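# Tertiary structure, described
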Amino acid sequence: MEEYGEGCCGGVRREEQEDLEHEELLESMSEKLGFTPHILEIVGELDSEFLKKYNRCNKKLLSDGALSAKTKILVALAVVASKQCERCTVVQMQSALNNGATKEEIMGLMDVIFITSGAPAVAACRDALKLLK
């Protein structure tokens, strides 16, 4: 017997409903970020509940509050640079640029990254910085 989601029009199977939710979540995140990080596609296929949790955190990061979304994303860029995650810096750089960060703001942040985390953290931004060209 096939399992159907509650309140689904036309008797959509729960699996189909979860696939639709997965796609809608990815689309929503992609619209806000301006791109879809490949890792989200992979994680979503493996565990749609994790994708939902990630989306809730992502909404907090990408929305204005006491700090602007742009400021929070720049902080995130500094954090992932300090962890020397090169791919993460590219994703955060794309997000920062899509949320209005300027070249001057990012280069100012590079000073902070260098002072607080050193040359290896700056080196982790090598590919991310190419996005400023």
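Residues numbered from 1 in each chain as written. Predicted model: local features only at pLDDT ≥ 70, side-chain atom pairs only at ≥ 80, totals over all residues. Heavy atoms only, no water.

Our next topic: the overall build of the chain. Of the regular secondary structure elements, the chain holds 8 helices and 0 strands. In the chain, the succession of helices and strands from N to C terminus is α-α-α-α-α-α-α-α. Buried positions account for 32% of the 133 residues belonging to the chain. Sequence separation of 24 or more characterises 53% of the internal contacts of the chain that already satisfy a separation of 6 or more. Only carbon and sulfur atoms are counted for the fraction: they give 55% of the accessible area of the chain, which is about 8,400 Å². (Helix = DSSP H or I, 4+ residues; strand = E, 2+ residues; numbered from the N terminus. Buried < 20%, exposed > 50% of the residue type's maximum accessible area, 1.4 Å probe, protein only. Contact = heavy atoms within 4.5 Å. Areas by Shrake-Rupley, 256 points an atom, 1.4 Å probe, with all protein chains shown as cover.)

Under the definition given, this model contains 1 disulfide. Between the sulfur atoms of Cys85 and its disulfide mate Cys88 the distance is 2.2 Å. Negative torsions about the S-S bond denote left-handed disulfides, and the value of about 60° found for Cys85 with Cys88 makes this one right-handed. Given a relative accessible area of 30%, Cys88 falls into the partly exposed group. (Disulfide = S-S within 2.5 Å.)

Across soluble globular proteins, nonpolar side chains have a tendency to be buried as a group. Leu74, Met93, Ile106, Leu109 and Ile113 are the most contacted members of the largest nonpolar core, which has 19 residues in total. Those elements giving two or more residues to this core turn out to be helix 4 (69-82), helix 5 (86-98) and helix 6 (103-117). A total of 6 residues in this core trace back to one element, the largest contributor, which is helix 4. In contact with Ile113, not counting residues within four places along its chain, are Leu77, Ala78, Ala81, Gly118, Ala121, Val122 and Cys125. (Core = buried A, V, L, I, M, F, W, Y, C linked by side-chain atoms within 4.5 Å.)

Here the focus is the pattern of salt bridges. Applying the stated criterion across every chain, the model contains 4 salt bridges. Of the charged contacts, one joins Glu105 and Lys70 as a salt bridge, the two residues approaching to 2.8 Å between their closest N and O atoms. Taken as a pair, Glu105 in helix 6 and Lys70 in helix 4 lie far apart in primary sequence, 35 residues in all. The exposure class of Glu105 is partly exposed, given its relative accessible area of 31%. The salt bridge partner of Arg126 is Glu86, with a shortest N-O separation of 3.1 Å. Within this pair, whereas Arg126 is found in helix 8 (residues 126-129), its partner Glu86 is found in helix 5, the two being separated by 40 residues in sequence. For Arg126, a relative accessible area of 46% puts it in the partly exposed group. (Salt bridge = Lys/Arg side-chain N within 4 Å of Asp/Glu carboxyl O.)

Bringing unusual backbone geometry into the picture now. It is generally the case that most residues other than glycine have a negative phi and that most peptide bonds are trans. Of note in the backbone geometry, Gln84 takes a positive phi value of approximately 60° without being a glycine. Tracing the chain through its elements places Gln84 in the loop between helix 4 and helix 5.

So, about the packing of helix 4 against helix 6. Running from N to C, helix 4 and helix 6 cross one another at 40°; their axes reach a closest spacing of 10 Å. Taken together, helix 4 and helix 6 sit at an angle that is classed as oblique. By crossing handedness, the relation of helix 4 to helix 6 is classed as right-handed. The residues of helix 6 that touch helix 4, namely those facing Lys70, Leu74, Leu77, Ala78, Ala81 and Ser82, are Glu105, Ile106, Leu109, Ile113 and Ser117. Each residue belonging to the contact of helix 4 with helix 6 can be placed in one class, and the counts come to 7 nonpolar, 2 polar and 2 charged. (Axes fitted to C-alpha atoms, helices over the stretch in contact; angles between N-to-C directions. Parallel < 35°, antiparallel > 145°, perpendicular 65-115°, else oblique. Left-handed = near helix turned anticlockwise from the far one by under 90°. Nonpolar A, V, L, I, M, F, W, Y, C, P; charged D, E, K, R; others polar.)

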